[in-house]
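# Breakdown of the fold
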Amino acid sequence: GFKVNTLLRDTGLVTLDPGFTNTASCESAITYIDGDQGILRYRGYPIDQVAEGATFLEVAALLIDGELPGTEALEALEKRVAEHAPLPGGFEAFLAALPAQAHPMATLAAAVNALAAWYPEVVDPRDPEQVDTATAMLLAKTSTITSALHRRRTGQALVAPDASQGFVADFLRRTFGSEGGEYAAEPAIVDALEKLLILHADHEQNCSTSTVRVVGSSNANLFASVAAGVNALSGPAHGGANEAVLVMLEKIRSGGETVETFMNKVKNKEDGVRLMGFGHRVYKAYDPRAAIVKKSADEVLEKLGAKDELLEIAQGLEQIALSDEYFVSRNLYPNVDFYTGLIYKAMGFEPAMFTPLFALGRMPGWIAQWREMVNDPSTKIGRPRQVYTGATERRFVPITQR
Ligand code: ACO
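Residues numbered from 1 in each chain as written. Predicted model: local features only at pLDDT ≥ 70, side-chain atom pairs only at ≥ 80, totals over all residues.

## Some points on the sheet that holds strand β1 (residues 31-34)
Pairing is antiparallel across the open sheet formed by 3 strands, whose spatial order is β1-β2-β3. With partners counted over all chains shown, the strands left at the sheet margins are β1 and β3 (45-46), one partner each. Pairing between β1 and strand β2 (residues 39-42): 4 bridges, direction antiparallel. Bridging across to β2, tyrosine 32 finds its partner in arginine 41. (Pairing = 2+ DSSP bridges. Helix = DSSP H or I, 4+ residues; strand = E, 2+ residues; numbered from the N terminus.)

## Notes on the nonpolar core
Formed by 112 residues in total, the largest nonpolar core has its most connected members in Val59 and Ile343. Apart from the residues lying within four places of it in its own chain, the contact partners of isoleucine 343 are Ala192, Leu196, Ser296, Ala297 and Val300. (Core = buried A, V, L, I, M, F, W, Y, C linked by C-beta atoms within 7 Å. Buried ≥ 20, exposed ≤ 12 C-beta atoms within 10 Å, placed from the backbone. Contact = placed C-beta atoms within 7 Å.)

## Observations concerning the pairing of β2
A one-sided burial pattern is seen for β2, the buried positions being Leu40 and Tyr42 and the unburied ones Ile39 and Arg41. The turn linking β1 back onto β2 is made up of 4 residues, and glycine 38 within it adopts a positive phi angle of 70°. By the bridge criterion, 2 bridges tie β2 to β3 in an arrangement that is antiparallel. Of the residues in β3, the one forming a bridge with tyrosine 42 is tyrosine 45. Hairpin connection between β2 and β3: a loop of 2 residues separates the two successive antiparallel strands, and arginine 43 in this loop has a positive phi of roughly 50°.

## Quick look at the environment of valine 122
By the element assignment, valine 122 lies in the loop between α6 (104-118) and α7 (128-153). Residues contacting valine 122, with those up to four places away along its chain left out, are Gln130, Thr133 and Ala134.

## Some points on the packing of helix α9 (residues 187-199) against helix α14 (residues 288-303)
Look at α9 against α14: their axes get within 11 Å of each other, and the N-to-C directions meet at 160°. When the axis of α9 is compared with that of α14, the two are roughly antiparallel. Remark: the crossing between α9 and α14 carries left-handed chirality. Along its contact with α9, which presents Ala188, Ala192, Lys195, Leu196 and Leu199, the element α14 presents Arg289, Ile292, Val293, Ser296, Val300 and Lys303. A per-class count over the contact of α9 with α14 returns 7 nonpolar, 1 polar and 3 charged. (Axes fitted to C-alpha atoms, helices over the stretch in contact; angles between N-to-C directions. Parallel < 35°, antiparallel > 145°, perpendicular 65-115°, else oblique. Left-handed = near helix turned anticlockwise from the far one by under 90°. Nonpolar A, V, L, I, M, F, W, Y, C, P; charged D, E, K, R; others polar.)

## Quick word on the packing of helix α12 (residues 241-254) against helix α17 (residues 337-347)
Packing of α12 against α17 brings their axes to within 8 Å, and their N-to-C directions diverge by 75°. In terms of orientation, α12 and α17 fall into the roughly perpendicular class. Taking contact as the criterion, the partners of Ala241, Asn242, Glu243, Val245 and Leu246 in α12 are, on α17, Asp337, Phe338, Thr340, Gly341 and Lys345. Taken together, the residues of the contact of α12 with α17 break down into 4 nonpolar, 3 polar and 3 charged.

## Side note on unusual backbone geometry
Despite not being glycine, phenylalanine 20 shows a phi value in the positive range, around 50°. By the element assignment, phenylalanine 20 lies in the loop between α1 (2-11) and β1. Located in the positive-phi region is asparagine 331, a residue other than glycine, with phi close to 55°. Within the secondary structure layout, asparagine 331 lies in the loop between α16 (325-329) and α17. Among the residues examined, asparagine 331 registers 14 C-beta atoms within 10 Å and is labelled partly exposed.

## As for helix α18 (residues 354-374)
The first and last C-alpha atoms of α18 sit 30 Å apart over 21 residues, in line with the 30 Å expected at 1.5 Å per residue. Taking the largest bend as the criterion, α18 deviates by roughly 45°, centred on arginine 362, and proline proline 364 comes between one and four positions later. For α18, the buried fraction is high: 19 of the 21 residues fall into the buried class. (Expected span 1.5 Å × (residues − 1). Bend = angle between axes of the 7 residues up to and from the residue.)

## Digging into the confidence of the model for the chain
Mean pLDDT for the chain: 94, with 97% of residues reaching 70 or above. For this predicted complex, the interface confidence score (ipTM) comes to 0.97, while the overall pTM stands at 0.94. (pLDDT = per-residue confidence, 0-100.)

Right under this line is the structure:
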């Protein structure tokens, strides 16, 4: 440790690795990815088994605590999260002060950040009880805030949480139902959303998670760190891709373009156009999450009788990509976000809401990674080096002489 560090400093030896393509920033026992083989495991459990057999809060417990919860532990977590679902006094007015048509990721980041302003009594990273409370608050209130984002955009009043319903079912009821109304989400839709949230729950040191860790490494509180993660997620090269995919598919349809001509633009890199929802820094094989999402998209659209022309366009794009030299030679396959938007759309979400749904799903991963970092004695403040390329020393020129 110390000796090597001193040596590196003395020799001025640094590694230049833009985008950290080959630099590990930490050791982690949470999520395993083998990008060449398309393997993803949460705490050792293969993603397909977890997505098939668990609920979202069960996965949250697995990621955060390290083991699958027993019935009692899971019920305790469900109860705790349900208790924290309501927003504190004044919070709704705070949300209402932001423009109703603002991008919901901007509002979500502000809202998560604002939790530290409302709950200063739970912001000490070194106090495990405070961290546990902040954890339950984040899981619960992100769901409340996300449903509120949809209600505000569609000009509807918020619906109060109902602790007797499951996490995902109540999220859907608060999003699409009405106060005192009869709304009950179809079990197949609850299952599909549960699965999507699970598939997004963690993905080791991606852009937003690394952001959460770097911010947290300065001992910033959990809300502040996760709010930074929400912002990192918003970009179209990361979580924003799910919205960008739908915008792309709609543009192809409304422009009357064929999938072939669009793909030629992508291959010729015309105006930097990329096939959104394709490619991944780590996966050089089919993203195992995308395989599950694709199957789910077929089932949900069939179930809702929502035959979507956009699904055909997406399938057409994928079909070309799987046999085209450009995509094959670069190992470009659909990532988790290629088909998710079609499912969210069929459920009734507008495209701007897709990335907040990703954030809702990723919340357990951000929290688990932040907690692992805080408890890791080898954690140091995140502070990369640089290779300076600017001017060598020169003499300052007073403004009167410039
Ligand atoms: N469409 C067309 N070409 C692509 C795409 C794409 N989606 N992705 C990568 N390429 C090409 C690049 O142009 C580059 O080609 P070159 O060798 O001729 O220069 C090559 O493939 C390698 O691409 P990089 O950008 O170097 O790969 P990187 O690992 O840095 O980027 C990323 C990964 C950002 C995901 C990229 O594939 C991308 O922009 N995809 C589209 C956006 C997207 O779907 N993002 C979601 C990622 S998953 C997630 O966050 C949930």
